[in-house]
Amino acid sequence: MALLEVRDLHAGIEDCEILRGLDLTVNAGEVHAIMGPNGSGKSTLSHIISGKPGYRVSTGRILFKDEDLLAMEADERAAKGVFLAFQYPVEIPGVTTMNFLRAALNAQRGARAQKEFSTPDFLKRVREVAKSLNIPEGVLKRGLNVGFSGGEKKRNEILQMALLEPSLCILDEIDSGLDIDALRIVADGINALRSPERAMIVITHYRRLLDYIEPDVVHVMSKGQVRKSGGKELALELEACGYAQFEGAA
Amino acid sequence: MKQIVAKAAAGRAMGNLFAAAHGRLPGSGPVAHIRARAFEAYERAGLPHRRIEAWKYTDLRALIGEVLPLAPRPDAAALVRAARSVKQAAADQAVKLVLVDGIFAPELSDVGRLENGVDVRSLREVLENSADSAIAALVLSTTTDAVISLNAAMATDGLVISIAEGRAVKRPIQIVHVATGSLVSTFTRSYLQLGQGAHAAVLESFVSAEGTSAYQTNDATIVLVGDEASLSHIRLAADAADAVNISSGIIAVGAGARLDLFSMTCSGSISRYQGFVTLAGEGSELSANGVNLIRHKQHVDTTIVVDHAVPHCTSREKFRAVVDDCGRSVFQGRIVVRPGAQKTDATLTTRALLLSDEAEADNKPELEIFAEDVTCRHGSTLGALDGALVFYMRARGLSEKDAQALLIKAFLGEPIEEIATENLRDLVSAQAEHWLLARR
Ligand SMILES: Nc1ncnc2c1ncn2[C@@H]1O[C@H](COP(=O)(O)OP(=O)(O)OP(=O)(O)O)[C@@H](O)[C@H]1O
Ligand SMILES: [Mg+2]
């Protein structure tokens, strides 16, 4: 059984079709990279998998652990183990990162009928992960992402991912806005989470990230479809030749 | 023609109200004269309606129709019922002064725990003592507002509190208004005076005994903050679901003095708090904040008039309303800068958060500036919760209601943070939490 199976997905916003018959199979333990030109529908796919309202799915299905993902609310999907690191993480003034992390963690544990973390255990865990990602503790007491630099926001996404321990991690351009050192820290954080039970979908424009996070499969997406899939050498090929060859029919 | 007949009929009913209450209203001689004049002023205007500019959005004539008969004096059973609500409403460490159905109830109050330098008498006592006629006239002062005139005419009791010069009162003083009677009205009037350099925190709570419904509360409080004094004045209206609460504050702040005002209404059917603050002494400061939590068909109005009468005064106002269901929020904020009140620094921000399509909010900021060298700003926003933020939180596992609750709390945080006294701030936060819990 695949962890995630997307079959012939047609979806869009109102009358505008963005995904036009997309197929994708991701098994537990695998890392998949998705590359593709701007506007090809990569973020749209990540939003639809994680349950963002406002999209219309006309046909196709998404199975996650053999369950119909499209029938679930976003928070149910999160509790089942779907995690999206946003391309553009939002700022939430008045809600501290710490309080948000605790609320999210306890909500998910509650939904899975697990015991809530005790305050000392929770704090210990957060501090550990924050330290490994080079996130100063003061940042955790500020409003979520408020006034954070681009890189800090991305690190904060990985912090949340590490704490929530999802089984499917979708990373939408986690490398954008990161300096060279931050890229390495974030990649190390992501690699630390690789495990036989967990799969990752890494959306990126740059091969450089894939040097750090070695993918098992690379997909090229264009005009709402996966046009080609291959090994990590496909990323090199793309870098050399660009996307032009994939713009035509599949 | 029809309107005139209706008005005359309403007027007669009113006349009956005053006549019927007459034997129960403390004070004779000059006090009775003040009351009669106040009632005449009220009768001339009648209940405020939408053509009275200050009441444009809260047409009392349409909303409540008539003033209910005066509540009877609370009997022993009423006091027992009231005691339970007082216990629930009591703020940690506060010294309670309780008014039940508009009558001071010393047996439910902590008169014995009052600190040195805090003098408390009932309004009744002051009005009935001819030696106090000067202060009686002050306590019963009126404005052009008809509900304040009605209050002066009908006030059955209240508290007259005076805090001695230089005294820093440690524990908050909590005035608890408890309603135990249904289909009746209460009229209370209090007076609070802080001597020069005094410091105090005064909390006013409006609650009802279990099973009480459809009452009308009309309260007025006259406040004088002496030079260099500081007062934190917090009001918390948590009335029965179908109650009406009209409260007025007439407040003057002396030179170098500071007033922190906070108002929260979280239940009741029709509520208005109108605060008239005069920054009367140079260098005085006002921080006025509030949050209203509105649901069902509630109508909640906060109207604040800040009068910068002299130079070098500062006012900061932050008000927030959360409106759910078919609720309606009204906020009117007027800032007046008198001629010569140079170096006035005034800001006012109001924000309303609409949680349903039927929810409504009216914001009316007004600046009347008659001086040149001033800084005055106002801003107001109105909107729904940001769907992108809600989705982000849900994608991390929070339910829709939990995500909304966190965002609403964040929205309310700023004005609540302005409450300096920790246990009072916690009390207000707890009320907000309680309101939010009922949304789940
Ligand atoms: N709210 C919207 N309304 C209409 N069209 C939209 C909306 N959001 C996205 N689109 C369109 O859908 C297409 C796919 O967008 P998407 O963000 O998924 O692309 P992407 O592959 O993630 O691009 P990038 O590499 O620039 O991040 C684009 O043409 C975009 O304009
Ligand atoms: Mg994108």
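Residues numbered from 1 in each chain as written. Chains lettered and ligands numbered in written order. Predicted model: local features only at pLDDT ≥ 70, side-chain atom pairs only at ≥ 80, totals over all residues. Heavy atoms only, no water.

Brief notes about the site of ligand 1
Residues and elements named next belong to chain A. Around ligand 1, a shell composed of 13 residues is seen, among which Gly-39, Lys-42, Ser-43, Thr-44 and His-205 lie nearest. Gly-39 is positioned with one of its backbone polar atoms (N or O) 2.9 Å from an oxygen atom of ligand 1. A distance of 3.2 Å separates an oxygen atom of ligand 1 from a polar atom in the backbone of Ser-40. Isolated, ligand 1 exposes 640 Å² of accessible area, and the fraction of that covered by the protein chains is 59%. The element contributing the most residues to the shell around ligand 1 is helix α1 (residues 42–50), with 3 residues. (Near = heavy atom within 4 Å. Polar contact = N/O pair within 3.5 Å; in protein donor to acceptor, adjacent residues only side chain to side chain. Areas by Shrake-Rupley, 256 points an atom, 1.4 Å probe, with all protein chains shown as cover. Helix = DSSP H or I, 4+ residues; strand = E, 2+ residues; numbered from the N terminus.)

A few points about the sheet that holds strand β11 (residues 258–265) of chain B
Residues and elements named next belong to chain B. The sheet built from 10 strands is open, its strands ordered β2-β1-β5-β7-β9-β11-β13-β15-β17-β19 with mixed pairing. Each having just a single partner strand, β2 (103–104) and β19 (375–383) make up the two edges of the open sheet. With 10 bridges connecting them, strand β13 (residues 285–294) and strand β15 (residues 314–323) associate as parallel partners. Along β15, the bridge assignment pairs Leu-293 with Val-322. Across the sheet, helix α4 (residues 76–89) lies against β1 (95–100), β5 (173–179) and β7 (199–208), angled at about 135 degrees from β5, the strand it touches most. Along the sheet, helix α9 (residues 400–417) contacts β11, β13, β15 and β17 (345–354); its crossing angle with β15, the most-contacted strand, is approximately 155 degrees. (Pairing = 2+ DSSP bridges. Contact = heavy atoms within 4.5 Å. Axes fitted to C-alpha atoms, helices over the stretch in contact; angles between N-to-C directions.)

Some points on unusual backbone geometry
Positive phi values are uncommon outside glycine, yet A:Asn145 reaches one of about 65 degrees. Tracing the backbone shows A:Asn145 in the loop between β8 (143–144) and α6 (150–164). The phi angle at B:Ala214 is positive, at roughly 45 degrees, despite the residue not being glycine. Looking at the secondary structure, you find B:Ala214 in the loop between β7 and β8 (216–225).

Structural notes on the interface of chain A and chain B
In this complex, chain A contributes 30 residues to the contact, which on the side of chain B involves 14 residues. Carbon and sulfur atoms supply 72% of the area buried between chain A and chain B, which totals about 1800 Å² over both sides. In this structure, the connection of chain A to chain B is made through 3 salt bridges. Note that B:Arg396 and A:Glu157 form a salt bridge whose closest N and O atoms lie 2.8 Å from each other. Between chain A and chain B we count 8 residue pairs in polar contact (both at pLDDT 80 or more) in total. Every element with two or more residues in the side of chain A that touches chain B is listed here: α2 (74–80), β6 (82–85), β7 (92–96), α3 (97–111) and α6 of chain A. (Buried area = accessible area lost by both parts, 1.4 Å probe. Salt bridge = Lys/Arg side-chain N within 4 Å of Asp/Glu carboxyl O.)

Quick word on the coordination of the magnesium ion (ligand 2)
Residues and elements named next belong to chain A. Coordination of the magnesium ion (ligand 2) by the protein involves Ser-43 (OG) and Gln-87 (OE1), with metal-donor separations of 2.0 to 2.2 Å. With Ser-43 in helix α1 and Gln-87 in the loop between β6 and β7, this residue pair connects regions lying 44 residues apart in the sequence. Taking relative accessible area as the criterion, Gln-87 reaches 16% and is therefore assigned buried. (Donors = N, O, S within 2.8 Å, 3.2 Å for Na, K, Ca; no water. Buried < 20%, exposed > 50% of the residue type's maximum accessible area, 1.4 Å probe, protein only.)

Digging into the side chain of A:Asn156
Residues and elements named next belong to chain A. By the secondary structure assignment, Asn-156 is in helix α6. The class for Asn-156 is buried, based on a relative accessible area of 2%. Once you skip the residues sitting within four places of it in the chain, Asn-156 turns out to touch Thr-97, Ile-135, Leu-144, Asn-145 and Phe-148.

Quick look at the packing of α9(B) against helix α10 (residues 422–437) of chain B
Residues and elements named next belong to chain B. One way to put it is that α9 packs onto α10 with a least axis distance of 11 Å and a crossing angle of 155 degrees. The angle between the axes of α9 and α10 places the two elements in the roughly antiparallel class. Our pair here, α9 against α10, has a crossing hand that is right-handed. Facing α9, whose interface residues are Ala-405, Ile-408, Lys-409, Leu-412, Ile-416 and Glu-417, α10 presents Arg-425, Val-428, Ser-429, Ala-432, Glu-433 and Leu-436. For the contact of α9 with α10, a count of residues per class yields 7 nonpolar, 1 polar and 4 charged. (Parallel < 35°, antiparallel > 145°, perpendicular 65-115°, else oblique. Left-handed = near helix turned anticlockwise from the far one by under 90°. Nonpolar A, V, L, I, M, F, W, Y, C, P; charged D, E, K, R; others polar.)

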